[in-house]
Amino acid sequence: VQLQASGGGLVQAGGSLTLSCVASGRTFSSYIMGWFRQAPGKEREFVAAITWRGGTIVYEDAVKGRFTISRDNAKNTVTLQMNSLKVEDTGVYYCAAGSRGELVRVSMYDNWGQGTLVTVSS
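How each quantity is defined
- Residues numbered from 1 in each chain as written.
- Predicted model: local features only at pLDDT ≥ 70, side-chain atom pairs only at ≥ 80, totals over all residues.
- Heavy atoms only, no water.
- Helix = DSSP H or I, 4+ residues; strand = E, 2+ residues; numbered from the N terminus.
- Rg over C-alpha atoms; globule rule 2.2 N^0.38 Å.
- Buried < 20%, exposed > 50% of the residue type's maximum accessible area, 1.4 Å probe, protein only.
- Contact = heavy atoms within 4.5 Å.
- Areas by Shrake-Rupley, 256 points an atom, 1.4 Å probe, with all protein chains shown as cover.
- Lys, Arg positive; Asp, Glu negative; His and termini not counted.
- Charge placed at Lys NZ, Arg CZ, Asp CG, Glu CD.
- Salt bridge = Lys/Arg side-chain N within 4 Å of Asp/Glu carboxyl O.
- Phe/Tyr/Trp six-rings, centres within 6.5 Å; stacked < 30°, edge-to-face > 60°.
- Core = buried A, V, L, I, M, F, W, Y, C linked by side-chain atoms within 4.5 Å.

(A) Geometry of the overall build of the chain. When helices and strands are counted, the chain shows zero helices and eleven strands. For a compact globule of 122 residues, the expected C-alpha radius of gyration is about 14 Å, and the chain comes in at 13 Å, within 12% of that figure. Expressed as a percentage of its 122 residues, the buried residues of the chain come to 43%. When contacts within the chain are restricted to residue pairs at least 6 apart in sequence, those whose partners lie at least 24 apart make up 56%. Summed over all atoms, the accessible surface of the chain reaches about 6,300 Å², with 47% contributed by carbon and sulfur. For the chain, the distance from the average site of its 12 positive side-chain charges to the average site of its 9 negative ones is 7 Å.

(B) Here's a closer look at the pattern of salt bridges. In the structure shown here, the tally under the stated rule is six salt bridges. One salt bridge in this structure joins E45 and R37, with 2.7 Å as the shortest N-O distance. A salt bridge links E102 to R105; the nearest nitrogen and oxygen atoms lie 3.0 Å apart. The network of salt bridges with common partners includes R37, E45, E60, R66 and D89.

(C) Representation of the packing of aromatic side chains within the structure. One pass over the structure, following the stated rule, counts five aromatic pairs. Here the aromatic rings of F36 and F46 are separated by 5.6 Å at their centres, their planes lie at 75°, and the arrangement is edge-to-face. With F36 in strand β4 (residues 32-38) and F46 in strand β5 (residues 45-50), this pair connects stretches of sequence that are ten residues apart. Both residues of the pair, F36 and F46, count as buried. Aromatic pair Y109 and W112: ring centres 6.2 Å apart, planes at 65°, arrangement edge-to-face.

(D) Inspection of the nonpolar core at higher detail. M33, W35, L80, M82 and Y93 are the most contacted members of the largest nonpolar core, which has 27 residues in total. Elements with a contribution of two residues or more to this core: β1 (3-6), β3 (17-23), β4, β5, β7 (67-72), β8 (77-82), β9 (91-98) and β11 (116-121). A96, L103, M108 and Y109 belong to the second largest nonpolar core, which has eight residues in total.

Given below as structure tokens:
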């Protein structure tokens, strides 16, 4: 599956952004979908994940209550709604697709999008 992420940009702290990731192919519903981010000079870290039909959703502690992940299997799309953004949310955000395993692990995901840059200013 090929992934195309979009929706990044520059926003002030406290603002909102919506990231979208569109997948190619007809097997989107068979993938677990995740969002990761990578800040300059840091390792890629888990943000959120959603299983095949949305039965399980997991968030990284720092984004709980502010970010919402959702998916639309009919449109091959996974979305990350980000509210109350903080400066520390700045980074390149990647969507990823995997089959099974620990949702928070980078190694679980076999397919990655190109990333979209989110910059939160103070």
